[in-house]
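Letter by letter, the chains look like this.
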Amino acid sequence: MESMTWKLFAPIMLLLLVASPPSRACDCVNAHLQSHFCNSDVVTKAVFLREAERNNSVKGYEVKIKEVFKGGAWLSGIIFIDNLDGTSCEVKIDPTNFNKDYLITASGSSATGYLEASGCGVIRLWTELTSRQALGIQKAYKDGCSCEIISSFQKPCDSKCQQCKLDGHEEGGSQNQAENQACIPKGGTCSWQTIQ
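In this report, we go over the structure that sits alongside the text. Predicted model, so just to flag it, every value in this text is computed and none were measured.

Considerations on the overall build of the protein
Next, step 1: A count of helices and strands for the protein gives four helices and 10 strands.
Next, step 2: Reading the protein from its N end, one meets helices and strands in the order α-α-β-β-β-β-β-β-α-β-β-α-β-β.
Next, step 3: Here the protein holds 196 residues, and 36% of them are scored as buried.
Next, step 4: Of the contacts made within the protein by residues no fewer than 6 positions apart, 59% connect residues no fewer than 24 positions apart.

Structure, rendered in structure tokens:
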């Protein structure tokens, strides 16, 4: 029976492999906004001004920094963002959305003087954040950076570790956590708290 099943499905599998081009998509993990905040060098509210080049070769955007939530005092005025042009993680901003407020998570430092944004990071119109997500960016997420947020598929560690598990099974569970909650340390462990 097993060999019969294999004989039936092998040609289909081969056809799928041959017919499908190799994936060149940016390999990202869907993460809670708090995880993006904690794992980024820079979190800022900024306005995309125009497409630009750095050193006459690296394409990206000039952004005007409006508010810095993480990353340091060097983030002020107009900063260049490398958008990873030509890679599978390239960031594209529709020019009709220039001059609008964005939440940007990126890597970068005062040593380089520019940011690097990826399609795996967060570049979202500020108006698309819930009011609690905006509060999380401003304070709550920073308070929870000692906690780890794990997916509903991951096995949690013992009861003394500092993890919050995304609940993907309960009706609206992970949506509520994504839009309204932060994983905050409390009493030697971490737990989901509604952002106030």
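Having put the structure on the table, let's press on.
Thoughts on the state of the cysteines
Covalently bonding the sulfur atom of one cysteine to the sulfur atom of another cysteine gives a disulfide.
Next, step 1: Scanning all chains against the criterion turns up three disulfides.
Next, step 2: Between the sulfur of C38 and that of C145 lies a disulfide, 2.1 Å long from S to S. Taking the torsion about the S-S bond as the criterion, the C38 to C145 disulfide, at about -90°, is left-handed. Note that C38 is positioned in helix 2 (residues 33–39) and C145 in the loop between helix 3 (131–143) and strand 7 (148–150), a separation of 107 residues in sequence.
Next, step 3: Covalently, C147 is tied to C190 through a disulfide, its sulfur atoms 2.0 Å apart. In this structure the cystine formed by C147 and C190 twists about its S-S bond by roughly -85°; its chirality is therefore left-handed.

Considering the side chain of N97
Next, step 1: If you trace the backbone, N97 turns up in the loop between strand 3 (78–82) and strand 4 (101–108).
Next, step 2: Apart from the residues lying within four places of it in its own chain, the contact partners of N97 are Y102 and L125.

Concerning the nonpolar core
For soluble globular proteins, the rule of thumb is that nonpolar side chains tend to be buried together.
Next, step 1: In terms of nonpolar packing, the biggest core is built from 18 residues, with F48, V63, I81, I93, Y102, I104 and L115 touching the most fellow members.
Next, step 2: Put simply, the parts of the chain that give this core at least two residues each are strand 1 (42–54), strand 2 (58–70), strand 3 and strand 4.
Next, step 3: Membership of the second largest hydrophobic core comes to 15 residues, among which are F37, V122, A140 and I195.

Re the layout of surface pockets
Next, step 1: What the largest pocket holds in volume is close to 650 Å³.
Next, step 2: In this structure, the largest pocket is lined by 31 residues; those nearest its centre are N30, A31, H32, L33 and L166.
Next, step 3: For the lining of the largest pocket, the elements supplying multiple residues, two or more each, are helix 2, strand 6 (123–125), strand 7 and helix 4 (173–180).
Next, step 4: Counting residues per element, the lining of the largest pocket draws most heavily on helix 2, at six residues.
Next, step 5: Taken together, the residues of the lining of the largest pocket sort by class into 13 nonpolar, 16 polar and two charged.

Remarks on the pattern of salt bridges
Next, step 1: Summed over all chains, the structure comprises five salt bridges.
Next, step 2: K45 serves as the salt-bridge partner of D101, at 4.0 Å between the closest nitrogen and oxygen. Here K45 lies in strand 1 and D101 lies in strand 4, a separation of 56 residues in the sequence.
Next, step 3: We classify D101 as partly exposed; its relative accessible area is 23%.
Next, step 4: The residue K66 makes a salt bridge to D101 at a minimum N-O spacing of 2.8 Å. With K66 in strand 2 and D101 in strand 4, the pair connects residues that are 35 residues apart, well separated along the chain.
Next, step 5: Classification of K66 as partly exposed rests on a relative accessible area of 47%.

What counts and how
- Residues numbered from 1 in each chain as written.
- Predicted model: local features only at pLDDT ≥ 70, side-chain atom pairs only at ≥ 80, totals over all residues.
- Heavy atoms only, no water.
- Helix = DSSP H or I, 4+ residues; strand = E, 2+ residues; numbered from the N terminus.
- Buried < 20%, exposed > 50% of the residue type's maximum accessible area, 1.4 Å probe, protein only.
- Contact = heavy atoms within 4.5 Å.
- Disulfide = S-S within 2.5 Å.
- Core = buried A, V, L, I, M, F, W, Y, C linked by side-chain atoms within 4.5 Å.
- 1 Å grid on protein atoms, 1.4 Å probe; cavity = no way out; pocket = protein on both sides within 12 Å on 5 of 7 lines; lining within 4 Å.
- Points joined across faces, edges and corners; volume = space filled by probe spheres on them.
- Nonpolar A, V, L, I, M, F, W, Y, C, P; charged D, E, K, R; others polar.
- Salt bridge = Lys/Arg side-chain N within 4 Å of Asp/Glu carboxyl O.

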